[in-house]
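What the coordinates show
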Amino acid sequence: MAAKKLRRAQLSQEMCERLSRYQITTCQDFLCLSLLELMKVTGQSYHEVQKLLCKVSRACAPKMQTAYEMKLRKSVNPSSAFLSTTLHSLDRVLHGGVPCGSLTEITSPPGCGKTQFCIMLSVLATLPVSMGGLDGAVIYIDTESAFSAERLIEIAANRFPAYYDSDEKLLCMTRSIHLYRELTCCSVLKRIMSLEEDIILKKVKLVIIDSVASVVRKEFDTKLQGNLAERSNFLNRGASVLKYLAEEFTIPVILTNQITTALSSGPGLRADLVSPADDLSLSEGSSVSGKRDSGYVTAALGNTWSHSVNTRLILQYHDLPTRQPLRVSAAITKMLRVRSSDTNTAS
Amino acid sequence: MQREVGTLPLAPALRARLAAAGFQTAQELLDTGPCGLSKEIGISREEALEALQVVRQECHGDTARAAGGSGATRKCTALELLEEEQTQGFIITFCSALDNILGGGVQLTKITEICGAPGVGKTQLCMQLAVDVQIPECFGGVAGEAVFIDTEGSFMVDRVVDIAAACVQHCHLIAEAQPEEDHGKALETFSVENILSHIYCFRCRDYTELLAQVYLLPEFLAEHSKVRLVVIDGIAFPFRHDFEDLALRTRLLNGLAQQLIITANEHRAAVVLTNQMTTRIGQSQSTLVPALGESWGHAATVRLIFHWDNTQRLATLYKSPSQKESTIAYEITPHGFRDVQPPAGTASTEGTEPNPRKRPRTEEEKQQ
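This one's a predicted model, so the numbers in the text were calculated from it and none came from an experiment.

Quick word on the overall build of chain B
- The secondary structure content of chain B amounts to eleven helices and 13 strands.
- Sorting the 368 residues of chain B into buried and exposed places 51% on the buried side.
- Counted over contacts in chain B with a minimum sequence separation of 6, partners at least 24 positions apart contribute 63%.
- Accessible surface computed for chain B: about 17200 Å², of which carbon and sulfur atoms make up 51%.

What follows is the structure, given as structure tokens:
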């Protein structure tokens, strides 16, 4: 929208030519100037410039919807509003499952089961709608080379033996999961930018990025000067494109993150400004004491990233062998604990 | 009439020509007339007439202002302002502690900024306010409509439905407890569907769309004159990435702030903005401060900072022209933004809310 050329904003031809002499070709350039600058550049009077401003704004501004219209649109197609995770208690807490149209983050200490969860969701997404799936393809961006196709088939065969009763059906399912191995931040960003066309072409209904944290933390060392800003920049750009895709196509986007320890003795954050839900040391079963002055464990990638995701799921070890997803959401805050047992079928 | 030609809102090229021809005051222009003007500076008669009309309008406005009439700048005594402020409504937040420290609620004609870490409840408060602004006057509200500009995609319709339902129920209870004749009529139109259809949502994806929308806001508000609340949820998000030129960002933000102040004043609406927190790296430690820089801090009239104390959410009134700085605790319940309920087990009050409230993390939760 910002890069929309002024020609398409229905400005007259000669006005566009005149503006292009000052290198003002897009709506963004036009709206960034002050009124006096615009008067100088367009050679028009004050009132004329205000009218032009309204014209250009109308070309860029978003469409208005009332909240009622939004609700009607959602209720018309309720099944497509969530992807059920088949863990009933988790689904209940999430009001139906992983929400479509927003970003969901799954974070946990290593080995808790993030990749397994992602693989399971990929299987679920390829199921037909009657079985609770989204009946579509999946794009899986793998930065850690952790995706295992054999495990995928194992989960599918064990979980839905009635549906995947033939090899042919299994192969069909695997064909609709598109795996991309990206190992650098740059290539991840390029891949995210090119997702829009792939989503339309391949009829994709779920995008998974596993994991954002590993590739970002590998390349950006926040102790070096300037890296923090660059990292935030990269994350913000990625997040805004992903949000746009999620909303535009009404599909869930799942990202995985890692855990980091923030020490209060070093450059730490004021403990009262970090959500206690993000502070994993306060939960049961962890060895760190509840005192927050001594440092705490939290999701990686910083504060700004936390603002970008809509829903955050934290997986933790409660006591072996059960893994326990603790749900925390930036949008609907209810902190409830749900048990899940990680068996062969990843149920 | 003695106004200089260079200060008139004419096209720059025209002004340059007038200056070159030697015109100095507006009176000279008016005396010359359109035909004379067109011959002297070499423009068509229609253009000359247009220019003279602009000049005449400006001078008329000037004299009217000089005579003390209504013009672009308002003059009034503090007594008139006091009367106005006392009759002005507030938008309540349903958390009486927060309303108290704000002096009654969110004030109309002022910009209120809410800063806080992610997950602390900023969007919840915005959604609560978008519902509360619609409370009819007989229940103590301002009976207005709301504009919700969403830049982060965090507006959840289902949540607004929950909040609206709780609000309607609350009003029904008040009407039953103290029945008055206005209540019945007001309650007929105060329903969840009605509330939802008076919340106008705009989803802005980047700062260009946000700027465009704010430019178009006066026009929209002129059409929908009952709007009393404009919420911009996430004014920081579009300005925090892809911005190399920080000077441009400051300028755009200041322009935005000015326009919002004008809009708030002209339409008697409250403007509520939410801001993010950012890490400021200091010498030996880093602190969390509101994003968008120091100069943005001047834009808002009232500033609230939401933060945590262990598991309790707190709100601090950080900047206000009329109230003192204080901190209160609040809660987010399934019904919306509320006061902290005392842990005592009295069943009399609030017995109408059957849903369990948020409990501390250390207890085992049972599902509903």
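A word on the overall build of chain A
- Broken down by element type, chain A carries 14 helices and 14 strands.
- Look at the contacts in chain A between residues 6 or more apart in sequence, and 64% of them connect residues 24 or more apart.
- Total accessible area on chain A is roughly 15600 Å²; 53% of this is exposed by carbon and sulfur atoms.

Examining helix α7 (residues 157-177) of chain B
- A rise of 1.5 Å per residue sets the reference length of α7 of chain B, with its 21 residues, at 30 Å; its end C-alpha atoms lie 30 Å apart and thus fit the reference within 8%.
- When α7 of chain B is considered as a whole, its buried residues turn out to be Val 157, Arg 159, Val 160, Val 161, Ile 163, Ala 164, Ala 166, Cys 167, Val 168, Cys 171 and Ala 175 of chain B.

A closer look at the packing of aromatic side chains
- Here the structure, examined in full by the defined rule, presents nine aromatic pairs over all chains.
- An angle of 20° between the planes, with centres 4.7 Å apart, marks the rings of Tyr 330 of chain B and Phe 337 of chain B as stacked.
- A residue is classified by how much of its surface remains accessible, and Phe 337 of chain B, at 0% relative accessible area, is buried.
- Each member of the aromatic cluster is reached from another via a ring pair, and the members are Tyr 200, Phe 202 and Phe 220 of chain B.
- Positioned above the aromatic ring of Tyr 163 of chain A, the side-chain terminus of Lys 169 of chain A is 5.1 Å from the ring centre.
- The ring of Phe 237 of chain B carries the charged tip of Lys 243 of chain A above its face, separated from the ring centre by 4.8 Å.

Examining the nonpolar core
- Counting 58 residues, the largest nonpolar core has Leu 6 and Phe 30 of chain A together with Val 147 and Phe 239 of chain B as its most contacted members.
- Counting residues per element, this core draws most heavily on helix α10 (residues 207-223) of chain B, at nine residues.
- Setting aside chain neighbours within four positions, we find Val 147 of chain B in contact with Tyr 200, Phe 202, Leu 217, Phe 220, Leu 221, Val 227, Leu 229, Val 230 and Val 231 of chain B.
- With 56 residues, the next largest nonpolar core counts Val 168, Cys 171, Val 302 and Ile 328 of chain B among its residues.

Notes on the pattern of salt bridges
- Tallying each qualifying case throughout the model produces twelve salt bridges over all chains.
- Where Arg 191 of chain A meets Glu 182 of chain A, a salt bridge forms, and the shortest distance between an N and an O atom there is 2.8 Å.
- Relative accessible area serves as the criterion here: at 9%, Glu 182 of chain A is assigned to the buried category.
- Glu 58 of chain B is the salt-bridge partner of Arg 3 of chain B, the closest N and O atoms lying 3.1 Å from each other.

A word on the side chain of Gln 128 of chain B
Residue and element names in this part refer to chain B.
- Note on placement: Gln 128 falls in helix α6 (residues 122-132).
- Taking relative accessible area as the criterion, Gln 128 reaches 1% and is therefore assigned buried.
- What Gln 128 contacts, discounting residues up to four positions off in sequence, is Thr 93, Phe 94, Ile 163, His 335, Gly 336, Phe 337 and Arg 338.

What about the pairing of strand β8 (residues 253-257) of chain A?
All names here are of chain A.
- Counting buried residues in β8 gives five out of five residues, a clear majority hidden from the surface.
- The alternating pattern of β8 places Val 253, Leu 255 and Asn 257 and Ile 254 and Thr 256 on opposite faces, both of which are buried.
- Looking at chain direction, strand β4 (residues 103-107) and β8 are connected through five bridges and run parallel. Bridged to Leu 103 within β8 is Val 253.
- Pairing of strand β7 (residues 204-210) with β8 involves three bridges; the strand directions are parallel. If you follow Ile 209 over to β8, its bridge partner there is Leu 255.

Some details on the confidence of the model for chain B
Residue and element names in this part refer to chain B.
- The predicted model of chain B averages 82 in pLDDT, with 89% of residues at 70 or higher.
- Low pLDDT, under 50, characterises residues 345-368; the stretch is placed with 42 contacts to residues that sit more than four places away or in other chains.
- With pTM at 0.76, the complex prediction returns an ipTM value of 0.72.

Regarding helix α13 (residues 227-249) of chain A
- Look at α13 of chain A: 33 Å from first C-alpha to last across 23 residues, which is about the 33 Å you get at 1.5 Å a residue.
- Positive backbone phi, at 50°, marks Thr 250 of chain A, one or two positions downstream of α13 of chain A.

Looking at the side chain of Thr 85 of chain A
Residue and element names in this part refer to chain A.
- Mapped onto the elements, Thr 85 comes out in the loop between β2 (82-83) and α6 (88-93).
- The class of Thr 85 is buried, set by a relative accessible area of 0%.
- In this structure the side chain of Thr 85 is engaged in a polar contact, spanning 2.7 Å, whose partner is the side chain of Asp 91.
- In this view, Thr 85 contacts Leu 90, Asp 91, Val 98, Phe 117, Met 120, Leu 121 and Leu 124; residues no more than four positions away in its chain are not counted.

Remarks on unusual backbone geometry
- Of the consecutive residues Asp 210 of chain A and Ser 211 of chain A, the connecting peptide bond is found in the cis state with omega at -5°.
- In this structure, Ser 211 of chain A sits in the loop between β7 and α12 (212-219).
- One non-glycine residue, Phe 94 of chain B, adopts positive backbone phi at about 70°.
- Here Phe 94 of chain B is to be found in the loop between β1 (90-91) and α5 (96-102).
- Its identity is not glycine, yet Leu 292 of chain B carries a phi of approximately 75°, on the positive side.
- Accessibility expressed as a relative area gives 7% for Leu 292 of chain B, which makes it buried.

Section: the confidence of the model for chain A
Residue and element names in this part refer to chain A.
- Confidence along chain A averages 76 in pLDDT terms, with 78% of residues attaining 70 or more.
- Counting interchain partners and residues more than four positions distant, the pLDDT-below-50 stretch residues 264-274 has 27 contacts.
- Scored below 50 in pLDDT, residues 327-347 makes 74 contacts in the model with residues more than four places away or belonging to other chains.

Digging into the sheet that holds strand β1 (residues 64-66) of chain A
- With mixed pairing, the ten strands of this open sheet are ordered in space as β1(A)-β5(B)-β4(B)-β6(B)-β7(B)-β3(B)-β10(B)-β11(B)-β12(B)-β13(B). Strands at the two margins of the open sheet, each flanked by one partner only, are β1 of chain A together with β13 (336-339) of chain B. Taken over all neighbouring pairs, the strand axes of this sheet differ in orientation by 25° on average, direction set aside.
- Across four bridges, strand β12 (residues 327-333) of chain B lies against β13 of chain B in antiparallel orientation. Within β13 of chain B, the position partnered with Thr 333 of chain B by the bridge is Gly 336 of chain B.
- Along the sheet face, α6 of chain B touches β3 (111-116), β4 (145-150), β5 (199-203), β6 (227-233), β7 (270-275), β10 (302-309), β12 and β13 of chain B and points at about 165° away from the line of β7 of chain B.

Quick notes on a negative patch on the surface
- Side chains of Glu 80, Glu 83, Glu 84 and Glu 85 of chain B sit close together on the surface and give a patch of like negative charge.
- With a relative accessible area of 47%, Glu 83 of chain B lands in the partly exposed category.

Section: the packing of helix α5 (residues 67-76) of chain A against α7 of chain B
- Packing of α5 of chain A against α7 of chain B leaves a shortest axis separation of 10 Å and a crossing angle of 115°. Handedness of the crossing formed by α5 of chain A with α7 of chain B: left-handed. Listed contacts from α7 of chain B to Ala 67, Met 70, Lys 71 and Lys 74 of chain A of α5 of chain A are Val 157, Asp 158 and Val 161 of chain B.

Comments concerning the pairing of β12 of chain B
Residues and elements named next belong to chain B.
- Where burial is concerned, most of β12 is hidden: five out of the seven residues are buried.
- Across four bridges, the pairing between strand β11 (residues 312-319) and β12 is antiparallel. Following the sheet pairing, Leu 314 is matched in β12 by Ala 329.
- Hairpin geometry of β12 and β13 is characterised by an intervening segment of two residues between the two adjacent antiparallel strands.

Calculation notes
- Residues numbered from 1 in each chain as written.
- Chains lettered and ligands numbered in written order.
- Predicted model: local features only at pLDDT ≥ 70, side-chain atom pairs only at ≥ 80, totals over all residues.
- Heavy atoms only, no water.
- Helix = DSSP H or I, 4+ residues; strand = E, 2+ residues; numbered from the N terminus.
- Buried < 20%, exposed > 50% of the residue type's maximum accessible area, 1.4 Å probe, protein only.
- Contact = heavy atoms within 4.5 Å.
- Areas by Shrake-Rupley, 256 points an atom, 1.4 Å probe, with all protein chains shown as cover.
- Expected span 1.5 Å × (residues − 1).
- Phe/Tyr/Trp six-rings, centres within 6.5 Å; stacked < 30°, edge-to-face > 60°.
- Lys NZ or Arg CZ within 6 Å of the ring centre and 35° of its normal.
- Core = buried A, V, L, I, M, F, W, Y, C linked by side-chain atoms within 4.5 Å.
- Salt bridge = Lys/Arg side-chain N within 4 Å of Asp/Glu carboxyl O.
- Pairing = 2+ DSSP bridges.
- pLDDT = per-residue confidence, 0-100.
- Polar contact = N/O pair within 3.5 Å; in protein donor to acceptor, adjacent residues only side chain to side chain.
- Axes fitted to C-alpha atoms, helices over the stretch in contact; angles between N-to-C directions.
- Patch = residues over 30% accessible without salt bridge, like charges linked within 9 Å, V, L, I, M, F, W, Y side chains within 5 Å.
- Lys, Arg positive; Asp, Glu negative; His and termini not counted.
- Charge placed at Lys NZ, Arg CZ, Asp CG, Glu CD.
- Left-handed = near helix turned anticlockwise from the far one by under 90°.

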